[in-house]
Amino acid sequence: MGDARVPDSESPKDPWTFARIRDLATRRMVVKWAFLAFFVWLCVRLLQFDAWARGQGPYVPRPEAVAGILPVGHFTSFFAWIRGGGWDPLLPAGLVIIIAAITISLLFKRALCGWICPVGTVWESAALLGRKLFGRFAPVRVPRWLDLFGRGFRYVLTAAVLAVLLLVPLSEAIGFRSLPYMWVADIKIVEGLANPVMLGLIVFAFGLSVAFGPVWCRYLCPVGGFYSLFGMASVCTVKRDSESCIDCSQCNRSCHALVDVQHSATVRAPECDGCMDCVRVCPVDGCLEAKGPRGVTIKPWVWPLLVVGLWLAIYGGAKLTHTWDTGVTLDQFRSTITSGLLEQKTRGF
Ligand code: SF4
Ligand code: SF4
Ligand code: SF4
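Residues numbered from 1 in each chain as written. Chains lettered and ligands numbered in written order. Predicted model: local features only at pLDDT ≥ 70, side-chain atom pairs only at ≥ 80, totals over all residues. Heavy atoms only, no water.

Enquirer: Would you explain the packing of helix α7 (residues 144-167) against helix α12 (residues 222-231) in this entry?
Expert: Angle between the axes and distance between the axes are the two parameters that describe a pair of packed helices. Following both chains from N to C, one finds α7 and α12 inclined at 90°, their axes separated by 8 Å at the closest point. As summarised for this structure, α7 and α12 are arranged roughly perpendicular, according to the angle between their axes. The segment α7 lies against α12, with R154, Y155, T158, V161 and L162 engaging P222, G224, G225, F226, S228 and L229. Classifying every residue of the contact of α7 with α12 by side-chain character gives six nonpolar, four polar and one charged. (Axes fitted to C-alpha atoms, helices over the stretch in contact; angles between N-to-C directions. Helix = DSSP H or I, 4+ residues; strand = E, 2+ residues; numbered from the N terminus. Parallel < 35°, antiparallel > 145°, perpendicular 65-115°, else oblique. Contact = heavy atoms within 4.5 Å. Nonpolar A, V, L, I, M, F, W, Y, C, P; charged D, E, K, R; others polar.)

Enquirer: Would you mind showing me how to read the site of ligand 3 here?
Expert: Every residue lining ligand 3 is accounted for by C255, A257, V259, V261, C272, D273, G274, C275, M276 and C278. Looking at the shell around ligand 3 residue by residue, the classes come out as eight nonpolar, one polar and one charged. (Near = heavy atom within 4 Å.)

Enquirer: Which parts of the structure should I look at to understand the side chain of S264?
Expert: Inspection of the secondary structure puts S264 in the loop between α13 (250-254) and α14 (277-281). On the accessibility criterion, S264 (16% relative accessible area) is buried. At 2.6 Å, the side chain of S264 forms a polar contact with the backbone oxygen of D260. (Buried < 20%, exposed > 50% of the residue type's maximum accessible area, 1.4 Å probe, protein only. Polar contact = N/O pair within 3.5 Å; in protein donor to acceptor, adjacent residues only side chain to side chain.)

Enquirer: In this structure, what is going on with empty space enclosed by the protein? I would like to understand it.
Expert: Any empty space left between atoms is shown by rolling a water-sized probe over those atoms. Inspection of every chain in the model, using the stated rule, returns three cavities of 30 Å³ or more. What lines the largest cavity is a set of 15 residues, among which C255, C272, G274, C275 and C278 lie closest to the centre. When grouped by side-chain class, the residues that make up the lining of the largest cavity number 10 nonpolar, three polar and two charged. Considered as a void within the structure, the second largest cavity measures approximately 80 Å³ in volume. Lining the second largest cavity are 13 residues, with C245, C248, C251, C282 and C287 sitting closest to its centre. Class assignment of the residues belonging to the lining of the second largest cavity gives a composition of nine nonpolar, two polar and two charged. (1 Å grid on protein atoms, 1.4 Å probe; cavity = no way out; pocket = protein on both sides within 12 Å on 5 of 7 lines; lining within 4 Å. Points joined across faces, edges and corners; volume = space filled by probe spheres on them.)

Enquirer: Honestly, unusual backbone geometry in this entry has me stumped. Any pointers?
Expert: That bond from A138 to P139 is cis: its omega, -5°, falls within 30 degrees of zero. Structurally, P139 is set in the loop between α6 (118-134) and α7. The backbone of K109 sits at a positive phi, close to 60°, despite the residue not being glycine. Relative to the assigned elements, K109 resides in the loop between α4 (93-108) and α5 (111-116). Residue K109 is classed as buried on the basis of its relative accessible area, which comes to 0%. The phi torsion at S249 lies on the positive side, around 70°, for a residue other than glycine. Topologically, S249 is positioned in the loop between β1 (237-240) and α13. For S249, a relative accessible area of 22% gives the class partly exposed.

Enquirer: How do you make sense of the packing of α4 against helix α15 (residues 302-320) when you look at a structure like this?
Expert: Between α4 and α15, whose axes approach to 10 Å, the crossing angle comes to 150°. Of the possible angle classes, the one that applies to α4 and α15 is roughly antiparallel. Between α4 and α15 lies a crossing whose hand is right-handed. The residues of α15 that touch α4, namely those facing V96, I97, A100, A101, T103, I104, L107 and F108, are W303, L306, V307, L310, W311, I314 and A318. Among the residues forming the contact of α4 with α15, the class breakdown is 14 nonpolar, one polar and no charged. (Left-handed = near helix turned anticlockwise from the far one by under 90°.)

Enquirer: Is there a simple way to explain the packing of aromatic side chains in this structure?
Expert: Per the counting criterion, the structure on display carries 17 aromatic pairs. Both rings, one in F75 and one in F78, keep their centres 6.5 Å apart while their planes meet at 85°; by these two values the pair is edge-to-face. Here F75 pairs with F78, and both are found in helix α3 (residues 71-85), just three residues apart, close to one helical turn. Note on accessibility: F75 and F78 belong to one class, buried. (Phe/Tyr/Trp six-rings, centres within 6.5 Å; stacked < 30°, edge-to-face > 60°.)

Enquirer: Teacher, can you tell me more about the sheet that holds β1 here?
Expert: Read across the sheet, three strands follow the order β1-β2-β3 without closing on themselves; strand pairing throughout is antiparallel. The strands lining the two open edges of the sheet, one partner per strand, are β1 and β3 (297-298). Of the pairings in the sheet, the one linking strand β2 (residues 288-291) to β3 comprises two bridges and is antiparallel in character. The residue of β3 that forms the bridge with A290 is I298. (Pairing = 2+ DSSP bridges.)

Right, dumping it as structure tokens:
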């Protein structure tokens, strides 16, 4: 949504020069769509793994990165680890993803949401479509009081989910990891996306986002709410120089998170996802910039490279230290998948 308001003059016409690559890096939706495409590919690979286990296709390695779609299960395991329950040797990728997201939030605000999360990309794409279709009439701005109520509601929801996860007895949280259902729940979720009820909900949420912007991300998602808590303390953030500011309001108009950048010396709002749109549109050199430790300026095109680079570095570190791959054996996966567990009607995730 925010990208649509960034001037096209930033797009060099010459193909594949450094400037072109730099331009692509700053175009947030290009980065986000690349992650969404990768995620779709992971889901396809997971279904191919399922087919192999059922004897219906060739062997395809299980993509562990798909753990990102099972937040409740992995958050339970993560908090068990925090509470001294030890590392999850069976499905550790989920823990690595959560640790990576917290690390990124502490350094680069809620940049997981701004640059990586494929779920948010779907809703932001809907909002972008709304702007293309309805121009200045979209997204429809809800009344201020309703917006504030919605934002507050998300934190109430986040606190409730955290309380439930932290109140699960440690022994149960640890035992949860070795439930065979947990090993194949990601397959059930991916297959469940084709369920007519789920498809209807997705279409409904997509339509809401076309009209009102990414409603799920702004008012409901507890995962984003959780990372916001760390994002507020982020080492790097957007800073405004009030001396040189000409009060043109372009930063506020460009902000898809509705942050009041124009009247902030330092952006600490929990809604800020480090998208860098405000920095890119500011017409005054040096007035609005992303700053790191000791006031070091981070260019808008360097910011996503740091975010994605850190994400990949944490993944690489986990692979090298053998804290990424599943400890569930292929035989265990195969016997669980063919046991009929996936076909059972299950409430919840
Ligand atoms: S708020 Fe939730 S769905 Fe939206 S981008 Fe963040 S984590 Fe993803
Ligand atoms: S875009 Fe820059 S100059 Fe304009 S109000 Fe925002 S900070 Fe000030
Ligand atoms: S304050 Fe700036 S960086 Fe943060 S979400 Fe708004 S536009 Fe993006």
